[in-house]
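If you want the building blocks of each chain, they are given just below.
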Amino acid sequence: MQKFVQHSGVVVPLDRANVDTDMIIPKQFLKSIKRSGFGPNLFDEYRYLDEGEVGQDCSMRPLNTEFVLNQPRYKSCSILLARENFGCGSSREHAPWALDDFGIKVIIASSYAEIFYNNCLKNGLLPIVFQGEQLDKLFEEVEKEEGYQLTIDLENQQIIKPGGEQLDFEIDTFSKHCLLHGLDDISLTLQYSEAIKSYEARREQEAPWLFEEKK
Amino acid sequence: MAGKTLYDKLWDTHLVHQQEAGSDLIYIDLHLLHEVTSPQAFEGLRMVGRTPWRLGGNLATPDHNVPTTPQERSKGVEGIADPVSRIQIETLDDNCSQYGIVEFKMNDIRQGIVHVVGPEQGATLPGMTVVCGDSHTSTHGAFGALAHGIGTSEVEHVLATQCLLTNKMKNMLVRVDGRLSPGVTAKDVVLAIIGEIGTAGGTGYAIEFGGEVIRNLSMEGRMTICNMAIEAGARAGMVAVDQTTIDYVEGRPFAPGKEHWQRAVESWKQFISDDDAVFDRLIVLDGSAVIPQVTWGTSPEMVLPVDGNVPDPAEETDATRRQSIEHALVYMGLSANQPLTDILLDRVFIGSCTNGRIEDLREAAALVKGRKVASTVKQALVVPGSGLVKAQAEREGLDMVFREAGFEWREPGCSMCLAMNADKLGQGEHCASTSNRNFEGRQGFRGRTHLVSPLMAAAAAIEGHFVDVRTLMSQLQPDLAI
């Protein structure tokens, strides 16, 4: 997994609640058997005026110029500002893959759907939970100032504003550790192979039917 | 010390290792796989030379992409017209055969929507942990199991370790008291619950559904309820084990055989919440007050009783919510205060992991029998949830009832629930759908989804617009009464 230590970038505001994963990456693009290449189809039904097809050259498609990601001022954005229940809906990891492929490295929202939140962490994306007036204020500042940038310092769990103001955020210790070091959590779990084996041995005694072969 | 909830017991039974920094390791009894969220996980295993930890803990079937027309289906995987879908299904077949994972392939009679197949085969059992790279895995919680969706990285993790790194959720009890009136189904109950707590109401919680209404539901009804726990924000929904659960499981192909049956039943009976268990949140709903539900907007929480009117954004005081309503009305092509029964339907879809089981088809068929789909409805589809559901329905003659009324009778798969195959809505079309999500574009580019029960979908097909199904049911012949 890619490491996440610190990131500075242009912020793009998506001022909507309940942004679902169908919106982030529509289903037709889930037919790919790869992890990459989803960026051009991020928010496909919002970015383009036509219906997107798999494998199409998106540079020729008609753009919805009103959608934030198409506005020139947000062209180089890498931090997405959003509202509550971001990433609700399906478990598709294609959603964080598409965000990452597009160039988004950090999301700041008041809340997330849990599966999406986990999926971000497994891909080196940082989903920050940030609520209330301070979030509203961020939306206001981004709207007001073209090229508005934030710096995210994961080690110190801080969002640093252009003027130097520091805002704290929470993240659980384990996820933070994995992000900072870009750890592969399968290797971490395999360190407990003996514990898994002894669990299985005990469980097979208690509930042998769980270990019968499927035929 | 306070008693334990069902979820606490499931968690404790499966805890392998508790880490100081958070994220505990829990054991997974059943990992279900399908073609969309697994290819990258298998590729990940292959890249570092890992193999599945325990083959017997996995079961696979293609469902999201499979075509549902008999013509396309009859030619096998090679005959799938969309080459991208074909590759994805072939990839699942190849991965399962390479590693030796049991798979019900596309034209195996046991194939179907993974959440229909698991319970039907007795692969899903009480007291289990069940995961799958699909958010509707919550369905399996109906068996007194801890079941939830995971992402592809987690699919890879479960394949490699048979465990999941996760955090314990909080406990919520949704208690539905009373008795449902005729014509009101599990789907209406769960839509009413979502309407009550919202699509993020269950975030961070495992929801246990209880109360008289839930106890009186069949296993299929309970699956419908748990299936949509995720639409209320809760990854996992569950129902305590009782005799209904045990009776459903008995005799299924993967259920414990005679040798272990009694012991299994005894152990399953513990998977109920203790009387003195403490829940972090309690929601109580009067089941007898629930009437058939229809979603009008682009989120499952945008739902109302069928006798209601489309909401007026002007009456909403919260700015974000007002904006959501305005946006949804534009997308759905509806106006404020319009009666829901005025909404005209272009298509009707009966199927999905929410409502593609035999009882769903029986209910809809009983209403449809002797009637015709309205001439204004372009297409009415019935897509059974599995090959076995389809075969059972055909034995009962339900396929003929649907066909005679003007419905199309299809092969099993996810179909128009998410429109990854050729079954989809055209731009601006309204669909009465028994599926689980009414998100923008979910059933097709700019398509407009209204979530309803199978009975309500059948009634909408007959009338061409939404109607309170109870008014049609009073005209039913007694032997068809539901």
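Please read all numbers here as calculations on a predicted model, not as lab measurements.

Criteria and thresholds
- Residues numbered from 1 in each chain as written.
- Chains lettered and ligands numbered in written order.
- Predicted model: local features only at pLDDT ≥ 70, side-chain atom pairs only at ≥ 80, totals over all residues.
- Heavy atoms only, no water.
- Helix = DSSP H or I, 4+ residues; strand = E, 2+ residues; numbered from the N terminus.
- Rg over C-alpha atoms; globule rule 2.2 N^0.38 Å.
- Buried < 20%, exposed > 50% of the residue type's maximum accessible area, 1.4 Å probe, protein only.
- Contact = heavy atoms within 4.5 Å.
- Areas by Shrake-Rupley, 256 points an atom, 1.4 Å probe, with all protein chains shown as cover.
- Lys, Arg positive; Asp, Glu negative; His and termini not counted.
- Charge placed at Lys NZ, Arg CZ, Asp CG, Glu CD.
- Polar contact = N/O pair within 3.5 Å; in protein donor to acceptor, adjacent residues only side chain to side chain.
- Pairing = 2+ DSSP bridges.
- Right-handed = clockwise from strand over helix to strand, strands pointing away.
- pLDDT = per-residue confidence, 0-100.
- Axes fitted to C-alpha atoms, helices over the stretch in contact; angles between N-to-C directions.
- Core = buried A, V, L, I, M, F, W, Y, C linked by side-chain atoms within 4.5 Å.
- Buried area = accessible area lost by both parts, 1.4 Å probe.
- Salt bridge = Lys/Arg side-chain N within 4 Å of Asp/Glu carboxyl O.
- Nonpolar A, V, L, I, M, F, W, Y, C, P; charged D, E, K, R; others polar.
- Disulfide = S-S within 2.5 Å.
- Phe/Tyr/Trp six-rings, centres within 6.5 Å; stacked < 30°, edge-to-face > 60°.

### Re the overall build of chain B
Part 1: Secondary structure summary: chain B contains 18 helices and 18 strands in total.
Part 2: The C-alpha radius of gyration of chain B comes to 22 Å, within 12% of the 23 Å expected for a compact globule of 482 residues.
Part 3: The proportion of buried residues among the 482 residues of chain B is 68%.
Part 4: For chain B, the proportion of contacts with a sequence separation of at least 24, taken over those separated by at least 6, is 76%.
Part 5: With the model as given, the accessible surface of chain B reaches about 15500 Å², and the carbon-plus-sulfur share is 49%.
Part 6: The distance from the centre of the 42 positive side-chain charges to the centre of the 61 negative ones in chain B is 3 Å.

### Considering helix 6 (residues 173-181) of chain A
Part 1: Among the residues of helix 6 of chain A, A:Phe174, A:Ser175, A:Lys176, A:Cys178, A:Leu179 and A:Leu180 are the ones counted as buried.
Part 2: On its buried face, helix 6 of chain A is in contact with helix 4 (114-121), strand 4 (126-129) and helix 7 (185-190) of chain A together with strand 7 (163-166) of chain B.
Part 3: Its side-chain oxygen 3.1 Å from the backbone nitrogen of A:Phe174, A:Asp172 forms the N-cap of helix 6 of chain A.
Part 4: Looking one or two residues past helix 6 of chain A, A:Gly182 carries a phi angle of roughly 60 degrees, positive in sign.

### Some words on the pairing of strand 3 (residues 30-33) of chain B
All names here are of chain B.
Part 1: Residues of strand 3 alternate between two faces, with Leu30 and Leu32 on one and His31 and Leu33 on the opposite face, all of them buried.
Part 2: Across three bridges, the pairing between strand 3 and strand 5 (residues 129-132) is parallel. If you follow Leu32 over to strand 5, its bridge partner there is Cys132.
Part 3: Sheet topology note: the strand 3/strand 4 (residues 58-60) ladder contains three bridges and is parallel. Within strand 4, the residue paired with Leu32 across the bridge is Leu59.
Part 4: With helix 2 (residues 39-48) bridging strand 3 and its parallel neighbour strand 4, the resulting β-α-β unit is right-handed.

### As for the side chain of A:Ser78
Residue and element names in this part refer to chain A.
Part 1: Its location among the elements puts Ser78 in strand 2 (residues 77-81).
Part 2: A distance of 2.7 Å separates polar atoms of two side chains, one belonging to Ser78 and the other to His7.
Part 3: Non-local contacts of Ser78, meaning those with residues more than four positions away in its chain, are made with His7, Ser8, Gly9, Val10, Gly103, Ile104, Lys105 and Val106.

### Things to note about the confidence of the model for chain B
Part 1: With 98% of its residues at a pLDDT of 70 or more, chain B has an overall mean of 96.
Part 2: For the stretch residues 478-482 of chain B, pLDDT sits under 50, and the model shows eight contacts to residues farther than four places along the chain or on other chains.

### A closer look at unusual backbone geometry
All names here are of chain A.
Part 1: Positive phi, normally seen in glycine, also occurs at Phe43, with a value near 50 degrees.
Part 2: With respect to the helices, strands and loops of the structure, Phe43 is situated in the loop between helix 1 (21-24) and helix 2 (44-47).
Part 3: When its relative accessible area of 2% is taken as the criterion, Phe43 is described as buried.
Part 4: In this structure, Asn85 takes a positive phi of about 60 degrees despite not being glycine.

### Comments concerning the sheet that holds strand 5 of chain B
Residue and element names in this part refer to chain B.
Part 1: The strand order across the open sheet formed by four strands is 4-3-5-6, and the pairing between neighbours is parallel. Lying at the two open borders of the sheet, with one neighbouring strand each, are strand 4 and strand 6 (146-149). In this sheet, neighbouring strand axes are inclined to one another by 20 degrees on average, regardless of whether the strands run parallel or antiparallel.
Part 2: Pairing between strand 5 and strand 6: four bridges, direction parallel. Bridge assignment links Val130 to a residue of strand 6, and that residue is Ala147.
Part 3: Sheet strands touched by helix 6 (residues 152-161): strand 3, strand 4 and strand 5. Its angle to strand 3, the strand with the most contacts, is close to 130 degrees.

### Focus on the nonpolar core
Part 1: Among the nonpolar cores identified, the biggest contains 115 residues, and A:Phe43, A:Phe86, A:Leu99, A:Ile108, A:Ile152, B:Phe402 and B:Phe407 are the most heavily contacted of them.
Part 2: A per-element tally of this core places helix 17 (residues 454-463) of chain B first, with eight residues.
Part 3: Listed in part, the 101 residues of the second largest apolar core include A:Tyr199, B:Val189, B:Ile193 and B:Val213.

### Looking at the interface of chain B and chain A
Interface size, as often reported, equals the accessible area lost upon joining of the parts.
Part 1: Listed per partner, the contact involves 88 residues of chain B and 62 residues of chain A.
Part 2: Counting the surface lost from both chain B and chain A, the interface buries some 6200 Å², and carbon and sulfur atoms represent 56% of this.
Part 3: By the criterion of area lost to chain A, the three top residues of chain B are B:Gln40, B:Trp53 and B:Phe445, representing 11% of everything that side buries.
Part 4: Taken together, chain B and chain A are joined by seven salt bridges.
Part 5: Across the pair A:Asp184 and B:Arg50 runs a salt bridge, and its minimum N-O distance is 3.1 Å.
Part 6: Between chain B and chain A we count 38 residue pairs in polar contact (both at pLDDT 80 or more) in total.
Part 7: Counting residues per element, the side of chain B that touches chain A draws most heavily on helix 6 of chain B, at seven residues.
Part 8: Of the residues belonging to the side of chain B that touches chain A, the class tally is 34 nonpolar, 38 polar and 16 charged.

### So, the side chain of B:Asp29
Part 1: Within the fold, B:Asp29 resides in the loop between strand 2 (24-27) and strand 3.
Part 2: It turns out B:Asp29 is buried and unbridged, and the closest side chain with the opposite charge, A:Arg203, is 4.4 Å from it.
Part 3: In this structure, B:Asp29 is in contact with A:Arg203, A:Leu210, B:His14, B:Arg54, B:Gly57, B:Gly127, B:Met128, B:Thr129 and B:Gln162, ignoring residues within four places of it in sequence.

### Quick notes on the pattern of salt bridges
Part 1: For the structure shown, the criterion picks out 39 salt bridges over all chains.
Part 2: Shared partners join several salt bridges into a network, and the residues in it are B:Asp346, B:Arg347, B:Lys378 and B:Glu429.

### So, the state of the cysteines
Part 1: Under the defined criterion, the tally for this structure stands at zero disulfides over all chains.
Part 2: Distance from the sulfur of A:Cys88, which forms no disulfide, to the nearest cysteine sulfur (A:Cys120) is 13 Å.
Part 3: Not part of a disulfide, B:Cys353 finds its nearest cysteine sulfur in B:Cys417, a span of 5.8 Å.

### Thoughts on the packing of aromatic side chains
Part 1: Here the structure, examined in full by the defined rule, presents 16 aromatic pairs over all chains.
Part 2: Seen in terms of ring centroids, A:Tyr112 and A:Phe116 are 6.4 Å apart; in terms of plane orientation they differ by 15 degrees. Their pairing is stacked. Of the two residues, A:Tyr112 and A:Phe116, both sit in the buried class.
Part 3: Considering the side-chain rings of A:Trp209 and B:Trp268, the 6.3 Å spacing of their centres and the 90 degrees angle between planes classify their relative orientation as edge-to-face.

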